[in-house]
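Summary of the model geometry
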Amino acid sequence: MTKGTNFKRRTVVKAIAASSLLPLLGSNLIGCSDNNNNGQSPPPEVPAIAAEFLHGVASGDPLSDRVIIWTRVTPESEGQVIVAWEIALDEQFSSIVNSGEGTTDASVDYTVKVDVDGLDANTSYYYRFTVGERTSATAKTKTAPTGATAEAAFAVVSCANYPAGFFNVYRELANQEFDAVLHLGDYLYEYGQGGYATERAEEFDRVPQPSHEMLTLEDYRTRYAQYRGDEDLQAAHAAHPFILVWDDHEVANDSWREGADNHDPETEGEFSERKAAAIQAWYEWLPVRPPSNTLEIIYRQLPYGDLVNLLMLDTRLIGRDEQNTYPDFVNGGSIDVDATRMAINDSTRALLGSEQMAWLKGQLTDSSARWQVLGQQVLMARLHLPSSIMEALDPSIAGEDFVAEGTAALLAALNAKNTPPEERTPEQQAILDSAIPYNLDAWDGYNFEREELLNHAMQVGSKVVTLAGDTHNAWASQLSTEAGDIVGVEFAASSVTSPGLEVALGPDLALGLAPLVIPLIDDLRYTNFINRGYLKVHFTMEVVTASWTYVSNIDSTSYTLIAEEFKEISVDAEDLLIS
Ligand SMILES: [Fe+2]
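First, a word on scope: everything that follows refers to the structure included in this document. (Residues numbered from 1 in each chain as written. Predicted model: local features only at pLDDT ≥ 70, side-chain atom pairs only at ≥ 80, totals over all residues. Heavy atoms only, no water.)

Now for the overall build of the chain. Scanning the chain from N- to C-terminus turns up 14 helices and 29 strands. In summary, the chain has a C-alpha radius of gyration of 24 Å against a globular reference of 25 Å for 579 residues, a match within 12%. The C-alpha extent of the chain, read off along each of the three principal axes, is 85 × 50 × 45 Å. The burial tally for the chain puts 58% of its 579 residues in the buried class. (Helix = DSSP H or I, 4+ residues; strand = E, 2+ residues; numbered from the N terminus. Rg over C-alpha atoms; globule rule 2.2 N^0.38 Å. Buried < 20%, exposed > 50% of the residue type's maximum accessible area, 1.4 Å probe, protein only.)

Written out as structure tokens, the structure reads:
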């Protein structure tokens, strides 16, 4: 790309919309630079269709020399819309470094992406789009550093449920400085009105659109359009580049390779068709760089100099075998611990799948960056609880008074844990020896792969920091192999709006539970079960620091930060221990 291209001198480039060029891949990518047309003729004259910018602008997947910029136009009539873009070093666009023009149409839901290259590393840029006389909002983005890098900071978010409340957490992101926002999925939810977390949607004027569960391409597009009409989400996108992966709700609850808990082929058709529709809308509406091979592969590397090797993963769709659930292991009213352990150690059950695992292990082997940062969906840390507690938590076997049963089981387990091993009764030791995963949908349910990954990381000397979302609660844990070797740490974000354990258990119980489970679970160091917020991770060569910020409420756009819940944890690169 030639720098210093003047907007008035821009060359009209041919839109890469032609399916013969990139069938099904990145079809909303329009030409990047005036060097990109490779002698192709300009696009045919198209009538000028006026359009508005109702869904904001966004950027994403920053590398040291390029970044994706995105917008969506709402045309006043059907047809092709000519969209121009420009990117500058300053907010006034007096120092434009590149610009271009292309077309978009209904085939990509009038979304537009440009992979702007030729940029300087570790540099902030401003960008905007124009259709005719109308210009979009101006937004800011930033390229990644290269070479020696002293520090990097990321916001980490997940689980934004529009009908559940207002996106105050996104608003807060817009007011802070980060290199990028890592969005770990559940960017939207599939449910219709009356479904999960819609109880106050009418009161909030946030009833899902469409009002039914999304299933078709049109449904997914409509839901993205609703979310992207949110001013707080638009502000967050306009302030930072986003690096996104999907979790399950971008398709349907508890998705895996060939199905989902919330997908019934009998009434909802082939899962593969639903998945394809969801994936198409995801690429259309989000500032993600389309891969060169298959759209289903979203695992990718984004280096931040010699400091952070950011590896975004897919633990949902590309390789996951179907989740086990505790009803699978209930035998005579209690959980069969041995059967549970056999299942989670089954070497044939995959979470990443063999190709992604091979890629990831290769990345860890080859990288000389200080920190190996895995941006992914589900908790990797080992979070095991005695089976008596799990039985109280499992609706399929819990009694009506599950709170009392669970509390009694928890206290008995704590008592056992606090008793020196040589003084424990056989019954107390049996309680502790019965520990099984809290969540079989997370890495805990796929222990064979986790051991493979963590042992490889240990062998090649990686300092691993995993980032997770999915649970709607905040966590910090050591990452250890079964042999007890510390390989790294895990920091997990709370949610933007999706309800956490305070809804399932009630706020008092959720509040009281957190300090009780930490001493019970060897690798667990911090939890927050009741607040909505975001996680910030800051890296230097010596230390990674995680800090959690929480908003006071999501039932109004008026909010404050909860100062007493702010939490900061630092981990030294030498010993990787959470102190
Ligand atoms: Fe979620």
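Moving on from the coordinates now.
Taken together, Cys-159 (SG), Asp-186 (OD), Tyr-189 (OH) and His-472 (NE2) make up the protein donors of the iron ion, found 2.0 to 2.5 Å from the metal. Coordination geometry of the iron ion: the four donor atoms subtend angles of 89 to 167° at the metal centre, consistent with an arrangement described as irregular. Mapping the donors of the iron ion onto the primary sequence gives the spacing C-x26-D-x2-Y-x282-H. Just as Asp-186 is buried, Tyr-189 falls in that class too. (Donors = N, O, S within 2.8 Å, 3.2 Å for Na, K, Ca; no water. Tetrahedral: all angles 85-135°; square planar, octahedral: opposite > 155°, others 65-115°.)

Taken in spatial order, the seven strands line up as β16-β17-β20-β23-β25-β24-β26 in an open sheet, and their pairing is mixed. Only two strands of the sheet have a single partner each, and these edge strands are β16 (300-304) and β26 (524-528). Neighbour to neighbour, the strand axes of the sheet diverge by 20° on average, direction disregarded. Here strand β20 (residues 371-375) pairs with strand β23 (residues 464-468) via four bridges, running parallel. Bridge pairing links Leu-374 to Thr-466 in β23. Set on the sheet, helix α8 (residues 354-366) makes contact with β16, β17 (308-312) and β20; between it and β17 the angle comes to about 180°. (Pairing = 2+ DSSP bridges. Axes fitted to C-alpha atoms, helices over the stretch in contact; angles between N-to-C directions. Contact = heavy atoms within 4.5 Å.)

Turning next to the sheet that holds strand β28 (residues 543-550). Each strand in a sheet pairs with another by means of backbone hydrogen bonds, the pair being arranged parallel or else antiparallel. With mixed pairing, the nine strands of this open sheet are ordered in space as β7-β3-β2-β13-β12-β11-β27-β28-β29. Each edge of the open sheet is held by one strand with a lone partner, namely β7 (111-116) and β29 (567-572). Within this sheet the neighbouring strands show an average axis-to-axis angle of 25°, counted without direction. Two elements, strand β3 (residues 67-72) and β7, share six bridges in a ladder whose sense is antiparallel.

What follows deals with the pattern of salt bridges. Taken as a whole and judged by the stated rule, the model has 30 salt bridges. When the shortest N-O distance is used, the salt bridge between Arg-382 and Asp-523 registers 3.6 Å. With Arg-382 in the loop between β20 and β21 (384-385) and Asp-523 in the loop between α14 (507-520) and β26, the pair connects residues that are 141 residues apart, well separated along the chain. Across the pair, exposure class does not vary: Arg-382 and Asp-523 are buried alike. Salt bridges linked by common partners bring Asp-65, Arg-66, Asp-115, Asp-117 and Arg-289 together as one network. (Salt bridge = Lys/Arg side-chain N within 4 Å of Asp/Glu carboxyl O.)

Moving on, we get to the packing of aromatic side chains. Counted according to the given criterion, the structure contains 22 aromatic pairs. Centroid distance Tyr-127 to Phe-129: 6.4 Å. Interplanar angle 85°. Geometry classified as edge-to-face. Taken as a pair, Tyr-127 and Phe-129 share a single burial class, namely buried. Pairing Phe-167 with Tyr-227 gives two aromatic rings, centres 6.0 Å apart and planes at 45°, and the pair type is tilted. Here Phe-167, found in the loop between β11 (151-157) and α1 (168-174), pairs with Tyr-227, found in helix α3 (residues 217-228); they are 60 residues apart in sequence, far enough to count as distant. Of the residues examined, Phe-167 reaches a relative accessible area of 0% and is grouped as buried. (Phe/Tyr/Trp six-rings, centres within 6.5 Å; stacked < 30°, edge-to-face > 60°.)

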